Amino acid sequence: MKVVLAAAATLAFMSGAAFASSTNGVVLKMNPASRVITLESGKSFTIPRDVPLPSMQAGEKVSIQLNDEGDRVTGVLR
C-alpha cells in the first residue's frame with residue numbers, strides 16, 4: 001500500500017513539472033528597449049512587460065523560463 005501511495009505521489013509531482021520548459025544559453029545580444037534577448041544559438045525571445053528583465057550583457061549565461069505551451073516567456077534567470 002505504501003509503495004502504491006509513494007508511486008502515485010511521485011507521478012503527481014512529476015506530471016506538473018514535466019510540462020514546464022526552459023532554454024539555457026549564452027546571450028549574444030540584448031535590446032532592453034524592445035525587450036528581446038538573442039542567444040548565441042540564434043534563438044530570440046521577446047520578454048513580456050510583466051516579466052522582470054534582469055540587466056545582462058553579451059556573453060552571460062541565461063535561462064529563459066517558458067510556459068507549459070512553450071510560447072510565452074515567464075521568467076529570465078542569470
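Preceding this paragraph is the structure being described.
Remember, it's a predicted structure, so these values are computed and weren't measured experimentally.

A. Main features of the pairing of strand S4 (residues 61-66). Pairing geometry for strand S1 (residues 21-31) and S4, over 6 bridges, is antiparallel. Each bridged residue has a counterpart across the sheet, and for Gly25 the counterpart in S4 is Val62. Taken together, the 4 bridges between S4 and strand S5 (residues 73-77) define a ladder with antiparallel strand orientation. By the bridge assignment for S5, Ser63 is matched with Leu77.

B. Structural view of the sheet that holds strand S2 (residues 36-39). A sheet is described by the order of its strands in space; here 5 strands give the open sequence S3-S2-S1-S4-S5, paired in antiparallel fashion. On the outer flanks of this sheet lie strand S3 (44-46) and S5, each paired with one strand and no other. Recorded for the sheet is a direction-independent mean angle of 40 degrees between the axes of neighbouring strands. The pairing of S2 with S3 spans 3 bridges and is classified as antiparallel.

So, how was this worked out
- Residues numbered from 1 in each chain as written.
- Predicted model: local features only at pLDDT ≥ 70, side-chain atom pairs only at ≥ 80, totals over all residues.
- Heavy atoms only, no water.
- Pairing = 2+ DSSP bridges.
- Helix = DSSP H or I, 4+ residues; strand = E, 2+ residues; numbered from the N terminus.
- Axes fitted to C-alpha atoms, helices over the stretch in contact; angles between N-to-C directions.

Purely geometric numbers; function is a separate question.
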